[in-house]
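The chain contents come next:
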Amino acid sequence: MPAFSANRYNPNPITKLIVVFILGLTAIHQLNYIASISIVIFISIFYILNGFIKDAIKGMILFAIVLHLPNFDALDKLPMIIKIILSFVIIIKFFFIPFYAGKFLIKSSDVGSIISSMDKLRIPSAFSIPIAVMFRFFPSFREERKNIKLAMKIRGISFKNPIKYIEYVMVPLLVISSNIADDIAKAAEVKCIENPIKKTRYIEIGIKPVDFFYILGTMIIVAGGWLC
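A short tour of the structure in this document, coming up. Here the structure is a predicted model, which is why all the values come from computation and not from measurement. Sequence order as written defines the numbering, with residues in each chain counted from 1. Only residues with pLDDT of at least 70 get local features here, since the model is predicted, and only at 80 or more are side-chain atom pairs given and counted; chain-wide, interface and lining totals rely on the full set of residues. Values shown for side chains rest on all heavy atoms present in the structure; no hydrogens or waters enter the calculation.

1. Some words on the overall build of the protein
Here is step 1 of the chain: Numbering of helices and strands runs from the N terminus, with a helix taken as a DSSP run of H or I at least four residues long and a strand as a DSSP run of E at least two residues long. For the protein, the count of helices and strands is eight helices and zero strands.
Here is step 2 of the chain: Going from N to C terminus, the protein has its helices and strands arranged as α-α-α-α-α-α-α-α.
Here is step 3 of the chain: Each residue's exposure class comes from its accessible area (1.4 Å probe, protein chains only) as a fraction of the maximum for that residue type: buried when under 20%, exposed when over 50%, partly exposed otherwise. Burial statistics for the protein: of 228 residues in total, 36% are counted as buried.
Here is step 4 of the chain: Throughout, a contact is declared for two residues whenever any of their heavy atoms are within 4.5 Å. In the protein, the proportion of contacts linking residues at least 24 apart, taken out of those at least 6 apart, comes to 79%.

2. A look at the side chain of Ser109
Here is step 1 of the chain: With respect to the secondary-structure elements, Ser109 resides in the loop between helix H4 (80-107) and helix H5 (111-120).
Here is step 2 of the chain: Two N or O atoms count as a polar contact when they lie within 3.5 Å, although within protein this holds only if one can serve as hydrogen donor and the other as acceptor, and sequence-adjacent residues are included solely when both atoms are side-chain atoms. Within polar-contact distance, the side chain of Ser109 engages the side chain of Lys16 at 2.7 Å.
Here is step 3 of the chain: A polar side-chain atom of Ser109 sits 3.0 Å from the main-chain carbonyl oxygen of Leu105.

3. Overview of a nonpolar patch on the surface
Here is step 1 of the chain: Patch construction takes residues with relative accessible area above 30% that form no salt bridge. Like charges are linked within 9 Å, and nonpolar side chains (Val, Leu, Ile, Met, Phe, Trp, Tyr) are linked within 5 Å. In this description, accessible areas are obtained by the Shrake-Rupley approach with a 1.4 Å probe, and a residue is regarded as covered only by the protein chains that are shown. Any carboxyl oxygen of Asp or Glu that lies within 4 Å of a side-chain nitrogen of Lys or Arg is treated as forming a salt bridge with it. A surface patch of nonpolar side chains, amounting to about 950 Å² of accessible area, comprises Tyr9, Ile41, Ile45, Ile48, Leu49, Ile53, Ile57, Met60, Ile61, Leu62 and Ile65.
Here is step 2 of the chain: Of all the elements in the fold, those that place two or more residues in the nonpolar patch are helix H2 (33-49) and helix H3 (53-66).
Here is step 3 of the chain: In terms of residue count, H3 provides more of the nonpolar patch than any other element does, six residues in total.
Here is step 4 of the chain: When you line up the elements, Ile48 lands in helix H2.

4. A few points about the side chain of Lys16
Here is step 1 of the chain: Here Lys16 shows up in helix H1 (residues 13-24).
Here is step 2 of the chain: The side chain of Lys16 sits in the buried core without any salt bridge; Asp211 is the nearest counter-charge, 7.7 Å away.
Here is step 3 of the chain: Here Ser108 takes part through its side chain, which lies 2.7 Å from a polar atom of the side chain of Lys16.
Here is step 4 of the chain: Once residues within four sequence positions are removed from consideration, Lys16 is found in contact with Asn10, Pro11, Phe104, Leu105, Ser108, Ser109 and Tyr214. His residues and chain termini do not enter the charge count, which takes Lys and Arg as positive and Asp and Glu as negative.

5. A look at a positive patch on the surface
Here is step 1 of the chain: Together, Arg142, Arg145, Lys146 and Lys149 make up a region of like positive charge exposed at the surface.
Here is step 2 of the chain: Take Arg142: it is sitting in helix H6 (residues 125-154). Lys charges are placed at NZ, Arg charges at CZ, Asp charges at CG and Glu charges at CD.

6. A word on H5
Here is step 1 of the chain: In terms of burial, H5 is largely enclosed, as seven of its 10 residues are buried.
Here is step 2 of the chain: Restricting attention to buried positions, one finds in H5 the residues Val111, Ser113, Ile114, Ile115, Ser116, Ser117 and Met118.
Here is step 3 of the chain: Backbone geometry just downstream of H5 places Arg122 in the positive-phi region, at approximately 55°.

7. Details of the pattern of salt bridges
Here is step 1 of the chain: Considering all chains together, one arrives at two salt bridges under this definition.
Here is step 2 of the chain: Two residues, Lys103 and Asp55, come together in a salt bridge whose shortest N-O distance is 3.3 Å. Of this pair, Lys103 sits in helix H4 while Asp55 sits in helix H3, and the two are 48 residues apart along the sequence.
Here is step 3 of the chain: Look at Lys103 and you get partly exposed, because its relative accessible area is 29%.
Here is step 4 of the chain: The buried category is assigned to Asp55, whose relative accessible area is 17%.
Here is step 5 of the chain: Here Asp55 makes a salt bridge to Lys107, at a shortest N to O gap of 3.7 Å. Here Lys107 lies in helix H4 and Asp55 lies in helix H3, a separation of 52 residues in the sequence.
Here is step 6 of the chain: One connected set of salt bridges, linked through shared partners, spans Asp55, Lys103 and Lys107.

Following this line, the structure appears as structure tokens:
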């Protein structure tokens with residue numbers, strides 16, 4: 001996870017979290033064709049402005065593929081087995097937009113900036129601490145998963161043998177997940193995370209014009225897509 005960037009085009013983490021929540025509603029009430037394209041392009045612009053050009057290109061290409069997936073109505077005449085398999089693929093279409101915004105939140109924010117933002121809003125530690133732990137956990141988990149896959153590849157174990165793959169990859173991941181969670185909890189205790197006194201933050205977060213532009217742009221596109 002990158003350190004906090006003072007880029008003026010990087011919105012406040014809370015703003016990005018609100019946008020993810022708004023776009024999460026599109027999984028329930030789908031946007032039309034034009035609004036879906038508009039919101040993906042809108043978020044991709046922020047990816048590019050913050051230096052994540054490859055992620056923006058990958059996201060737009062993947063969305064172009066996902067956009068042409070059929071809806072559930074098109075599966076009625078297919079056999080049950082094929083219908084079940086394709087249903088999981090179509091779910092990706094429903095959750096792609098909130099996932100894309102959530103990925104931007106994770107890539108452009110670090111734990112320090114997120115906690116600082118929550119302190120500004122006086123959000124209780126009972127809510128902010130679990131989020132901080134979550135943001136610490138997943139980058140570490142992703143790195144460990146990459147190392148395990150590399151080690152298994154060197155040993156000639158691939159997904160072609162599912163039983164061995166589960167035994168040598170999935171089981172170590174479960175053990176490592178538990179260890180990562182313990183390490184994060186210990187680190188939090190060492191830093192006196194439960195101390196009720198006011199803490200001095202190294203990172204200061206404020207509201208910038210880009211925050212209003214990001215959230216208002218998202219709301220306008222989503223509202224327009226629903227109304228049309």
